[in-house]
Amino acid sequence: MHSFGYRANALLTFAVTALAFICAIASFSDKFSNQNPSVEIQILNINRFKKQSHGNDEVSLTLDIAADLESLFTWNTKQVFVFVAAEYETPKNSLNQVSLWDAIIPAKEHAKFRIQVSNKYRFIDQGHNLRGKDFNLTLHWHVMPKTGKMFADKIVMSGYSLPDAYR
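Everything quoted here is computed from the prediction, not taken from an experiment. (Residues numbered from 1 in each chain as written. Predicted model: local features only at pLDDT ≥ 70, side-chain atom pairs only at ≥ 80, totals over all residues. Heavy atoms only, no water.)

Structural notes on the layout of surface pockets
Turning to step 1, where the next piece is worked out: For the largest pocket, the calculated volume is near 190 Å³.
Turning to step 2, where the next piece is worked out: In this structure, the largest pocket is lined by Ser27, Asp30, Lys31, Ser33, Gln35, Asn76, Pro145, Thr147, Lys149, Met150 and Phe151.
Turning to step 3, where the next piece is worked out: Along the lines of polarity and charge, the residues of the lining of the largest pocket split into three nonpolar, five polar and three charged.
Turning to step 4, where the next piece is worked out: If you count residues domain by domain, the lining of the largest pocket takes at least three from each of domain 1 (1–32) and domain 2 (34–161). (1 Å grid on protein atoms, 1.4 Å probe; cavity = no way out; pocket = protein on both sides within 12 Å on 5 of 7 lines; lining within 4 Å. Points joined across faces, edges and corners; volume = space filled by probe spheres on them. Nonpolar A, V, L, I, M, F, W, Y, C, P; charged D, E, K, R; others polar. Domains from an automatic or database assignment.)

Details of the domain arrangement of the protein
Interfaces are often sized by the amount of accessible area the parts lose when they come together.
Turning to step 1, where the next piece is worked out: Domain boundaries assigned for the protein yield domain 1 (1–32) and domain 2 (34–161).
Turning to step 2, where the next piece is worked out: With six residues of domain 1 at the contact, the number on the domain 2 side is eight residues.
Turning to step 3, where the next piece is worked out: Of the roughly 480 Å² buried at the junction of domain 1 and domain 2 (both faces included), carbon and sulfur atoms supply 46%.
Turning to step 4, where the next piece is worked out: Run the count over domain 1 and domain 2 and you get zero salt bridges.
Turning to step 5, where the next piece is worked out: Linking domain 1 with domain 2 are zero residue pairs in polar contact (both at pLDDT 80 or more).
Turning to step 6, where the next piece is worked out: Across the side of domain 1 that touches domain 2, the residue classes tally to three nonpolar, two polar and one charged. (Contact = heavy atoms within 4.5 Å. Buried area = accessible area lost by both parts, 1.4 Å probe. Salt bridge = Lys/Arg side-chain N within 4 Å of Asp/Glu carboxyl O. Polar contact = N/O pair within 3.5 Å; in protein donor to acceptor, adjacent residues only side chain to side chain.)

What about the pairing of strand 8 (residues 151–161)?
Turning to step 1, where the next piece is worked out: Alignment of strand 7 (residues 134–145) against strand 8, held across nine bridges, turns out to be antiparallel. For aspartate 134, the partnering residue across the bridge sits in strand 8 and is serine 161.
Turning to step 2, where the next piece is worked out: The hairpin formed by strand 7 and strand 8 contains five residues between the paired strands, and glycine 148 there has a positive phi angle of roughly 105°. (Pairing = 2+ DSSP bridges. Helix = DSSP H or I, 4+ residues; strand = E, 2+ residues; numbered from the N terminus.)

Details of the environment of glutamate 70
Turning to step 1, where the next piece is worked out: Tracing the backbone shows glutamate 70 in the loop between strand 2 (57–68) and strand 3 (77–88).
Turning to step 2, where the next piece is worked out: Looking at glutamate 70, the relative accessible area reads 29%, which means it is partly exposed.
Turning to step 3, where the next piece is worked out: In this structure, the C-alpha to C-alpha distance between glutamate 70 and isoleucine 25, residues 45 residues apart in sequence, is 22 Å.
Turning to step 4, where the next piece is worked out: Setting aside residues up to four positions removed in sequence, glutamate 70 forms contacts with Lys108, Ala111 and Lys112. (Buried < 20%, exposed > 50% of the residue type's maximum accessible area, 1.4 Å probe, protein only.)

Focus: the pattern of salt bridges
In a structure, side chains of opposite charge can pair up when their charged atoms sit close to one another.
Turning to step 1, where the next piece is worked out: Evaluated as defined, the whole model comprises four salt bridges.
Turning to step 2, where the next piece is worked out: Among the salt bridges present, the one from arginine 48 reaches glutamate 58, with a minimum N-O distance of 3.1 Å. In this pair, arginine 48 sits in strand 1 (residues 38–51) while glutamate 58 sits in strand 2, placing the two residues ten residues apart along the sequence.
Turning to step 3, where the next piece is worked out: Using a relative accessible area of 6% as the deciding quantity, one classes glutamate 58 as buried.
Turning to step 4, where the next piece is worked out: By sharing partners, the salt bridges in this structure join Arg48, Glu58 and Arg122 into a single network.

Some thoughts on the side chain of threonine 90
Turning to step 1, where the next piece is worked out: Along the polypeptide, threonine 90 turns up in the loop between strand 3 and strand 4 (96–105).
Turning to step 2, where the next piece is worked out: With near-sequence residues (within four places) excluded, threonine 90 lies in contact with Asn96, Asp125, Asn129 and Lys133.

Some details on the sheet that holds strand 7
Turning to step 1, where the next piece is worked out: Reading across the sheet, the four strands line up as 4-3-7-8 and stay open at both edges, with antiparallel pairing between neighbours. Two strands bound the open sheet, and with one partner strand each, they are strand 4 and strand 8. The average undirected angle you get between the axes of adjacent strands in this sheet is 20°.
Turning to step 2, where the next piece is worked out: Here nine bridges tie strand 3 to strand 4, and the two strands are oriented antiparallel to one another. Opposite alanine 86, over in strand 4, you have valine 98 as the bridge partner. (Axes fitted to C-alpha atoms, helices over the stretch in contact; angles between N-to-C directions.)

Printed below as a string of structure tokens:
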């Protein structure tokens, strides 16, 4: 006969293998979900646009963010991290990204929202390159599953520009 230790080891090995297999199937099932989030961002107001004392441009915006991210939630989704970034080019850098707002969406019930908010983080350019600058607003999201690989995506909205003069 087999000893108690041998039987416990066999049972534990089987349980861990079965759990790993179930987690792999759960993660794989997310590949078949239809994800089609939508977002619309409008700039309601440019609250402040100035040159700081040490030469950097600073912008404060009021944003109207309307998003429907319900399709990102499946039975395997723990939460979704979203953030809005301003993206623009300068002579020094081909891509500058400045995070303006972020949030954690804990459940599908909170995934459809409309919010008017001033940028949560300061929109500062290292230099004086923002006057008259065209830029994109991009909504990025990171889906954090209960099991499996985290994935990210984004929606880019173009056609925004800053004024030619400081306010």
